[in-house]
Amino acid sequence: MAFIRKKRREQQLQLYSKERFSLLLLNLEEYYFEQHTANHIQNKGGHHERKIRGSLKICSKSVIFEPDAMSQPIIKIPLRDCIKIGKHEENGSSRHFTKAKSGAISLLFSQVYFIKEHNIVAPYKIERGTMEYVFELDVSGKVEDVVETLLQLHRASCLDKLGDQTAMITAILQSRLARTSFDKNRFQSVSEKLHMECQAEMVTPLVTNPGHVCITDTNLYFQPLNGHPKPVVQITLQDVRRIYKRRHGLMPLGLEVFCTEDDLCSDIYLKFYEPQDRDDLYFYIATYLEHHVAERTAESYTLQWQRGHLSNYQYLLHLNNLADRSCNDLSQYPVFPWIINDYCSAELDLSNPGTFRDLSRPVGALNKERLERLLSRYQEMPEPKFMYGSHYSSPGYVLFYLVRIAPEYMLCLQNGRFDNADRMFNSIAETWKNCLDGATDFKELIPEFYGDDVSFLVNSLKLDLGKRQGGQMVDDVELPPWARSPEDFLQKSKEALESGYVSEHLHEWIDLIFGYKQKGTDAVGAHNVFHPLTYEGGVDLNSIEDPDEKVAMLTQILEFGQTPKQLFVTPHPRRITPKCKSFSQTCGHNAPLVDSPVSPGEESFEDLTEESKTLAWNNITKLQLHERYKIHKEAVTGIAVSGNGSSVFTTSQDSTLKMFSKESKMLQRSISFSNMALSSCLLLPGDATVISSSWDNNVYFYSIAFGRRQDTLMGHDDAVSKICWHDNRLYSASWDSTVKVWSGVPAETTCPKRHRFDMLAELEHDVSVDTISLNAAGTMLVSGTREGTVSIWDLTTATILHQIPCHSGTIRDAAFSPDSRHVLSTGADGCLNVIDVQTGMLISSMTSDEPQRCFIWDGNSVLSGSQSGELLVWDLLGGKLSERIQGHAGAVTCIWMNEQCSSIITGGEDRQIMFWKLQY
């Protein structure tokens, strides 16, 4: 997983530099400035004088000596513990803060740490008492400068206030950066053109490393001020696939660059000193890359996830990434949910809902008795109130899980110590029980629990992590009885995450962590309220003038953990889950459906029908023009086709209804109801009656058998823009800002008598309604208005479910997906918007360079008719335009597809109707 790959990458860098030293040996918020080849002189001037060869590292809060010999420990001397710093005198004495000529440096101090003796990662050994160490530099001419630097850093370390210490060290750092610049000799080519250079810090977990950022026309470079872990980090711009702006230390200063599509582990994470530098670099990379895809929104992934094109695991990775979670920032490490509730059984039953954790509740609310205690305290608490005194994700919790693969990080975070053996990550079941029962333990999981690498569960490094009270040594993590091995545990955890139960309920957890239940009254109602400092915007660091208070506040926030950036402000849509025999991962795209009660013949016919539709849409880009006919004098506005496909009825702005014979290729009838445009038409079941809507405010019924107008419905005060029919009910949309529902007569009647219509409901809008459509069951209606609002109505109660202002101009067309889960709308603004019907959330939006006037779709792909006359094929899940097909000489104004999805007819402003066939 992410952290493990990051760790291995750092190990490779250490192999490159052949160092045991790493920035993790520094304190948090400490900088490594420079190094000097030197000897550590033991017993200087004595009979047993000994020289240990190595490297002396000058850091902002300590001096570190790394011996070349692996058997010797690394020495770390905190500057705040130094009593005297000076140049060693040849007679063996040293003067306090002396500046006399000498080839060696003397440090008199009260405390020293010994680290990685024999290159073994273990808790630091501490020696206390007054001691003097002498270090002899290879270049004696540098001694004076080194001593001067140490004296300056020593003064900073000894300041009483932490804010003053930070300010002085920052000033020293900025001075060093100002005196240096990027070494242009490091360019990959002499022909590279420099576009921008600025100062920044490279961020890795628990560590930041200052240096210079440089971007050319082909590469992004970072040169560390200290040359560690290598002189230059270089990224080829052509390799960049994603870039994200990040919050770092609650400030908009971070930028993360990825050279992969889906990996959570980035190639470089930079923290800038000025937001403008960050924004300028982001803009340059984004505009330079021809293949660069702009930062995708969370909603853009939701449709892919709902339709099964992203797994639960992949979707959570994307949400974490978009919510500023990064494996480079342990205070914002990716967060994953506890899924399984059963760590005691011998077998894991993924078909039993009781096996799973309640995903609608935060961890702190899973235990009813504990929750009651927390709520009682919450009620008595003064403002600002919070329910939980610790967070579900923090650096300490991340390293709690990863100590076996990242022990040096734990030692860095905890001042050279591992945690108490009984508080370590010893057992999955124990950890889950403590999360349920512990007074202050509310942690969730990390992505590694659903990955492929078992390293974090196994003590493969043979670390001495201590002895528990019962006498047993801390070793591998104890697994639940149903896991035969660490590999089996991860496999079953992955199956649980992708199970049907989790797929049906994961949106509830997303609401808590990334969604509308993260903040406000909804968070209170969900018992999901954490300390105010953990939320984005919970504190304005720039408003804090006292430097001590600012540093303390930032430290507290970073160590406590941060709530993810809020991605959704409305309820998250459910996933569309197949009905499978079990909830296990075997219930995938290729899993068999539950046995149907219908006969084998019927089941086979249905399967073949669905297969033919799928095949047709998979080949929709191979659409070819078969025939074309100009039968109207103005733009075609509607198309209806008889059940056997022989007769095609069309309406036009020339005020006529035409009947065209597909077999004889002849115009058979032309009917005019008034001198105003007709806007749409439909055939009633039985193919006996055609209904047309008109701009003269009326709806006309034409009897095919009797060849005459059968009835006229005068139901609106302005033009009727669109009509629909379902189950003997007529739905009419009008520019008078209404959609009306009318009761009709049985559609099969051939009686020439006039229909009697009763208005059953009136769906009121604020402005003109330009289009409507029904779902397959006739229980919902979607309407689109002139001002760009999509409304979804429940027809059983004639009430509005959602109102979404998602277009900047007139909505041209809107329709439900075949499964009624989504609505697609197109507008004069060129946007294609997908809305989740259950929640009303806009979950996908694509933009074309011209309006799309009409469309048909299967829920995944769209065939739209454009203003220019082309037919465009869109891949909604891939977020791209797949094909352009030449068609009409003017805008495509209407489109029809048969039930088998094999035949398509379009009408246009060029007065033509075109017949299309799929060739495959």
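Calculation rules
Within each chain, residue numbers correspond to sequence positions counted from 1 in written order. Only residues with pLDDT of at least 70 get local features here, since the model is predicted, and only at 80 or more are side-chain atom pairs given and counted; chain-wide, interface and lining totals rely on the full set of residues. Values shown for side chains rest on all heavy atoms present in the structure; no hydrogens or waters enter the calculation. To qualify as a helix, a DSSP run of H or I must reach at least 4 residues; to qualify as a strand, a run of E must reach at least 2; elements of each kind are numbered from the N terminus. A simple rule labels every residue: compare its accessible area, found with a 1.4 Å probe on the protein chains alone, to the largest value its type can have, and call it buried under 20%, exposed over 50%, or partly exposed in between. Residue contacts are counted whenever heavy atoms from the two residues lie within 4.5 Å of one another. Here, Shrake-Rupley sampling with a 1.4 Å probe gives the accessible areas, and only protein chains in the shown set may cover a residue. Strands qualify as paired when DSSP identifies two bridges or more between them. Comment: axis = line fitted to C-alpha atoms, over the contacting stretch for helices; angle = value between 0 and 180 degrees taken between N-to-C directions. Only residues whose relative accessible area exceeds 30% and that take part in no salt bridge are eligible for patches, with like-charged residues grouped when within 9 Å of each other and nonpolar side chains (Val, Leu, Ile, Met, Phe, Trp, Tyr) grouped when within 5 Å. A pair is scored as a salt bridge if a Lys or Arg side-chain nitrogen falls within 4 Å of a carboxyl oxygen belonging to Asp or Glu. Charge counting follows a simple rule: Lys and Arg are positive, Asp and Glu are negative, and His as well as the terminal groups are ignored. We put the charge of a Lys on NZ, of an Arg on CZ, of an Asp on CG and of a Glu on CD. Centre distance within 6.5 Å is the pairing criterion for rings of Phe, Tyr and Trp, where only the six-membered ring of Trp is used; planes under 30 degrees apart are then read as stacked, over 60 as edge-to-face, and the remainder as tilted. Domain segmentation is taken from an automatic or database assignment of domains. Joining two parts hides part of their accessible area as seen by a 1.4 Å probe, and the buried area is that hidden amount summed over both. Any pair of nitrogen or oxygen atoms within 3.5 Å is treated as a polar contact; in protein, a donor-acceptor pairing is required on top of that, and neighbouring residues in sequence qualify only through side-chain atoms on both sides. All residues other than Ala, Val, Leu, Ile, Met, Phe, Trp, Tyr, Cys, Pro, Asp, Glu, Lys and Arg, Gly among them, are scored as polar; the first ten of these are nonpolar and the last four charged. Buried Ala, Val, Leu, Ile, Met, Phe, Trp, Tyr and Cys residues that are joined via side-chain atoms within 4.5 Å together make up what is termed a nonpolar core. Roughly parallel means an angle under 35 degrees; roughly antiparallel, over 145; roughly perpendicular, 65 to 115; everything else is oblique.

The secondary structure content of the chain amounts to 15 helices and 42 strands. Dimensions along the principal axes, computed over C-alpha positions, put the chain at roughly 125 × 65 × 55 Å. Buried residues in the chain amount to 57% of all 920 residues. Put simply, of all contacts in the chain between residues at least 6 apart along the chain, 56% involve residues at least 24 apart. Of the roughly 38800 Å² of accessible surface on the chain, a fraction of 48% belongs to carbon and sulfur atoms.

Another aspect to go through is the pairing of strand β39 (residues 880–885). Here strand β38 (residues 871–875) pairs with β39 via five bridges, running antiparallel. Across the sheet, residue L871 finds its bridge partner in β39, namely I885. Hairpin connection from β38 to β39: four residues lie between these consecutive antiparallel strands, with G879 at a positive phi of about 65 degrees.

This next bit is on the sheet that holds strand β20 (residues 678–683). If you walk across this open sheet you meet the four strands as β20-β21-β22-β23, and the pairing is antiparallel. Single-partner strands in this sheet number two, and they are β20 and β23 (708–714). With strand direction ignored, the average angle separating the axes of adjacent strands in the sheet is 20 degrees. Examined bridge by bridge, strand β22 (residues 698–703) and β23 share six bridges and lie antiparallel to one another. The partner of Y702 across the bridge, within β23, is R709.

Residues D160, D164, E545, D546 and E549 make up a contiguous surface patch of negative charge. Position of D164 relative to the elements: it lies in helix α3 (residues 162–178).

This part covers the packing of aromatic side chains. Both the distance between ring centres and the angle between the ring planes are used here to describe each pair of aromatic rings. In this structure the tally under the stated criterion is 36 aromatic pairs. Arranged with centres 6.5 Å apart and planes meeting at 75 degrees, the rings of F449 and F489 form a pair that is edge-to-face. Highlighted residues: F449 in the loop between α10 (428–437) and α11 (486–497) and F489 in helix α11, separated in sequence by 40 residues. Summarising the burial analysis for this pair, F449 and F489 share the class buried. Summarising the aromatic geometry, the rings of Y629 and F660 are spaced 4.7 Å apart at their centres and angled 45 degrees between planes, so their arrangement reads as tilted. In this pair, Y629 is assigned in strand β15 (residues 623–630) and F660 in strand β18 (residues 656–661), connecting sequence segments 31 residues apart.

Here we come to the domain arrangement of the chain. Assigned domains of the chain: these are domain 1 (21–89 + 101–177), domain 2 (180–295), domain 3 (314–560) and domain 4 (612–745 + 755–918). If you average the C-alpha positions of domain 1 and of domain 3, the two centres end up 38 Å apart. Carbon and sulfur atoms supply 67% of the area buried between domain 1 and domain 3, which totals about 1300 Å² over both sides. The interface formed by domain 1 and domain 3 holds one salt bridge in total. One salt bridge in this structure joins E408 and K116, with 3.2 Å as the shortest N-O distance. Applying the counting rule to domain 1 against domain 3 returns four residue pairs in polar contact (both at pLDDT 80 or more). Tallied by class, residues from the side of domain 1 that touches domain 3 come to eight nonpolar, three polar and four charged.

Let us now look at unusual backbone geometry. The omega torsion across H228 and P229 is 0 degrees, close enough to zero to call that bond cis. By secondary structure assignment, the location of P229 is in the loop between β10 (219–224) and β11 (233–236). With an omega of -5 degrees, the peptide bond running from E383 to P384 counts as cis. Along the chain, P384 falls in the loop between α7 (368–380) and α8 (395–402).

This part is about the sheet that holds strand β25 (residues 729–734). In space, the four strands of this open sheet follow the order β24-β25-β26-β27, with antiparallel pairing throughout. Two strands lie at the open edges of the sheet, namely β24 (720–726) and β27 (758–764), each paired on one side alone. Strand-to-strand twist across the sheet, computed as the mean angle between neighbouring axes with direction ignored, equals 20 degrees. Here β25 runs beside strand β26 (residues 738–743); their pairing, made up of five bridges, is antiparallel. Within β26, the residue paired with R729 across the bridge is S743.

Time to look at the nonpolar core. Residues F449 and F514 are the most contacted members of the largest nonpolar core, which totals 121 residues. Among the elements that line this core, the one with the most residues is helix α12 (residues 500–513), at seven residues. Counting residues in hydrophobic clusters, the runner-up holds 33 residues, among them L107, F114, V146 and L153.

In the structure shown here, the tally under the stated rule is 31 salt bridges. Notably, a salt bridge pairs R247 with E536, separated by 3.8 Å at the nearest N-O pair. Placement of R247 in strand β12 (residues 242–248) and of E536 in the loop between α13 (520–525) and α14 (547–560) is noted, with a sequence separation of 289 residues between them. Residues joined by salt bridges that share partners form a network here, namely R246, R247, E256, D324 and E536.

Now for helix α6 (residues 312–322). Among the eleven residues in α6, ten count as buried, and that is most of the element. Within α6, burial applies to N312, Y313, Y315, L316, L317, H318, L319, N320, N321 and L322. Its buried side turned inward, α6 meets β12, β13 (251–258), α5 (298–306), α11 and α12. Just past α6, the residue D324 takes up positive phi, approximately 70 degrees.

To continue, consider the packing of α5 against α6. It is the contact of α5 with α6, at a shortest axis distance of 10 Å, that shows an interaxial angle of 175 degrees. The orientation of α5 relative to α6 falls into the category roughly antiparallel. Residues A298, Y301, T302 and W305 of α5 touch α6, and the partners they reach there are N312, Y315, H318, L319 and L322. Of the residues in the contact of α5 with α6, the class split is six nonpolar, three polar and no charged.

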